[in-house]
Amino acid sequence: MLVKVVSKNFDIPNSHKLEVAKANGRYSSIEKLFSMQPDEVTEEVTKSSLRGKGGGGAPCGPKWKLMPKDDPRPAYLIVNGDESEPGTFKDRQIFQYDPHLLIEGIICSSYAINAHDAYIYVRGEYKWFIDRLNEAIKEAYDDGIIGEKVMGHDYRMDITVHRGGGAYICGEKSALIESLEGKRGHPRLKPHGKECEWFFDNPATVNNVETIATVPFIVENGYQAYTAYGTEKSPGTMLFAMSGPVKNPGVYELAFGNKMIDVINQIGGGMQDGKKLKAVIPGGSSCPILTAKEVEKAVLDYESMWDIGSTLGTGGMMIIDDSMNMVDVAKNIIEFYHHESCGQCTPCREGCGWIDKILAKVLAGEGTKKDLETILEVCDTMNGKTICVFAPAVKDIIKSILIKFEDEFIKEIK
Amino acid sequence: MSKFKYTPENEAKFQEQIKRYPNSNSMMLPALWLVQEQEGWVSPDAMIFVAEKLNKAPIEVYEFATFYTMFNLKPIGTYHIELCKTLSCMVMGSKDLKKFIKDTIGIGPGETSEDGLFHFSEVECLGACGGAPMFALNGEYHENQSIDSLKKVIEECRNASKSSK
């Protein structure tokens, strides 16, 4: 069931060291890369159907094509390593076990979009992982892999790690750029037409760490090697993270299309002794929750997850057992979103706080049926009325818990 | 005029880092991290220093620093315990660890112990859900924790403090 595209070197001792990384295939895509034209690289990635692994799932190749051609302004690659969606802890595996894969991916991706400067924005809490990443970048500079010439080729590549300051919203790509520009991480209004991102008014592309780390495999082996994995509509692989009371929580690379219950039982080792599966939040805490019954039917690919009313998100499965009170679960989640709302849009800022207060009242035994109706009304008022998708995500998770586990909320009210 | 100054090493880091960005505005986060690494917290005087260096109004630096939760805006204890409280950690028992901290050190979230040794923060997801429950001690992750392992860490901090006196 496990596959090795991005995670190939994770189990090799000292795989983060340049010498070991090189001996195990790192930077072997670079010669082929420079034998191709940048447009050919973009086309190869487009044909691979590689999608963004940060939660949105947007196709990567078409995103690269949004970069303007013949623009005199410098282009930038911004790598999103903010990874602060609860349940998500996959990119840190790349930082920890194979940072040179990320550097190699940055070279490939930057060449495709004609960028010479890349910034890796990493959440501030990942200090240890940032240090490891910086050590790998230093090794790459010292070895002539990056710098004025990439491995002897006439292509300059500079990579800088930018440490975040502890704000979930900076995982949203436009908020991330605002933060990188030295401002509060407030998401930007989106243009009507599709266009690239803008970093100090220069064209930029933002991609997730895992997405970038997948590119060398596609460059080196061709798109068919990648599409050989997964399903027809969701080709490829993903680092799926599993947390909660299973026997073997962790990060596992799988092709798309596996049954969720098989992954939980066979790779996760099933539930810990004495615990029974009650629910799963499938792809980070903002994805609509699945009941144990729905988990039996769930398949881990984009289309299948939409078909059962949820989303694949980041692939971070949060397992919940039958000892948990789902009102507590909802309260815990809304506390997170209340704390992390950037405050820019009133429906989000006030809505999260309002739901948080109502749930506190419910848990204190002072709630009424009207309060539950109010939560649903607030969810609908938040949805679609804000600049970014933070508020719609809050609506998705809170509403799904309340509707699917309504009996537990009813038990708590007067 | 600020009385705060970077150490020569940090000034050199600042000068090296500022060259890497197309616009010095990008230095807001790196400049504040250098302050916090040097002092343990970001004082109003240090914010004025950063403002002067980056040609900003002090209020702009204040607005920025208060948005990002990792900047300590007042001095904290020697050992900063950041306990993750978000869903997977809660499911795996973070509430028990919180109670243990209260019972043994006597502090709740946002509080510093009377001896200045410990500061406790209850934080939102630290990206260690597979190792839940977890906490960070001065930024170092401790995963798959229990009351026994937390007790051991607290004792180690106390012993280290005694031996350094």
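This structure is a prediction, so every number in the text was calculated from the model and none was measured. Within each chain, residues carry numbers counting from 1 in the order of the written sequence. Lettering for chains starts from A, numbering for ligands starts from 1, and both go in the order in which the items are written. In keeping with the predicted nature of the model, local features appear solely for residues at pLDDT of at least 70, side-chain atom pairs appear and are counted solely at 80 or more, and the whole-chain, interface and lining totals rest on all residues. Hydrogens and water are ignored here; the side-chain numbers use all heavy atoms of the structure.

1. Side note on the layout of surface pockets
Residue and element names in this part refer to chain B. Only protein atoms enter the 1 Å grid used here, on which a cavity is any set of points holding a 1.4 Å probe that cannot leave and a pocket is any open set flanked by protein within 12 Å on both sides along at least five of seven lines; residues with an atom within 4 Å of a point are listed as lining. Grid points are joined across faces, edges and corners, and a volume is the space filled by probe spheres set on the points. Reported here for the second largest pocket is a volume of approximately 1,000 Å³. As for the second largest pocket, its lining consists of 45 residues, and the residues nearest its centre are Thr69, Met70, Asn72, His80 and Glu82. Each residue is assigned to one class: nonpolar for Ala, Val, Leu, Ile, Met, Phe, Trp, Tyr, Cys and Pro, charged for Asp, Glu, Lys and Arg, and polar for all the others, Gly among them. Residues belonging to the lining of the second largest pocket are distributed by class as follows: 16 nonpolar, 17 polar and 12 charged.

2. Considerations on the sheet that holds strand S1 (residues 75–81) of chain A
Should DSSP find at least two bridges between two strands, the strands are taken to pair. Numbering goes from the N terminus for both helices and strands, where a helix is a DSSP run of H or I of at least four residues and a strand is a run of E of at least two. Reading across the sheet, the 5 strands line up as S3-S2-S1-S5-S4 (chain A) and stay open at both edges, with mixed pairing between neighbours. With one partner strand each, in any of the chains shown, strand S3 (158–163) and strand S4 (197–199) of chain A form the two edges of the open sheet. Each strand axis lies, on average, 35° off the axis of its neighbour in the sheet, ignoring direction. Bridge analysis of S1(A) against strand S5 (residues 202–208) of chain A gives 5 bridges, and the strand direction is parallel. Residue A:Asn80 lies in a different strand from S5(A), and its bridge partner there is A:Asn208. Contact between two residues is taken to exist if any of their heavy atoms lie within 4.5 Å; hydrogens are not considered. Note on definitions: angles span 0 to 180 degrees between N-to-C directions of axes, and those axes are lines fitted to C-alpha atoms, for helices only across the stretch in contact. Against the sheet, helix H8 (residues 173–180) of chain A makes contact with S1, strand S2 (115–122), S3, S4 and S5 of chain A, and its axis sits at roughly 10° relative to S4(A), the strand it touches most. Relative to S3(A), helix H2 (residues 28–39) of chain B is tilted by about 60°, and along the sheet it contacts S2 and S3 of chain A.

3. Digging into the UniProt feature "binding site: [2Fe-2S] cluster" (unreviewed entry) in chain B
UniProt positions are given in the numbering used here, feature names are shortened, and annotations may be inferred rather than shown by experiment. Here the UniProt-annotated "binding site: [2Fe-2S] cluster" (unreviewed entry) positions come out as B:Cys84, B:Cys89, B:Cys125 and B:Cys129. Over a stretch of 46 residues, the named residues converge on one spot in the fold, their C-alpha atoms separated by at most 9.2 Å. Lining the second largest pocket, from this annotated set, are B:Cys125. Looking at the secondary structure, you find B:Cys84 in strand S1 (residues 79–84). Working definition: with a 1.4 Å probe on protein chains only, accessible area under 20% of the residue-type maximum means buried, over 50% means exposed, and in between means partly exposed. Note on B:Cys84: relative accessible area 3%, which makes it buried. Once residues within four sequence positions are removed from consideration, B:Cys84 is found in contact with B:Cys89, B:Ser94, B:Val123, B:Glu124, B:Cys125, B:Leu126 and B:Met134. Of note, B:Cys125 is situated in the loop between strand S3 (118–123) and strand S4 (135–137). Classification of B:Cys125 by relative accessible area gives buried; the value is 5%. Discounting chain neighbours no more than four positions away, the residues touching B:Cys125 are A:Ser84, A:Pro86, A:Gly87, A:Arg123, A:Phe336, B:Cys84 and B:Thr86.

4. Some thoughts on the pairing of strand S7 (residues 250–255) of chain A
Residues and elements named next belong to chain A. Of all 6 residues in S7, 6 are buried, a share of seventy percent or more. Across the two faces of S7 the burial is the same, with Gly250, Tyr252 and Leu254 and Val251, Glu253 and Ala255 all buried. For strand S6 (residues 237–243) and S7, the ladder comprises 6 bridges, and the chain directions are antiparallel. The partner of threonine 237 across the bridge, within S7, is alanine 255. In this antiparallel pair of consecutive strands, S6 and S7, the connection spans 6 residues, and glycine 244 shows a positive phi of 105°.

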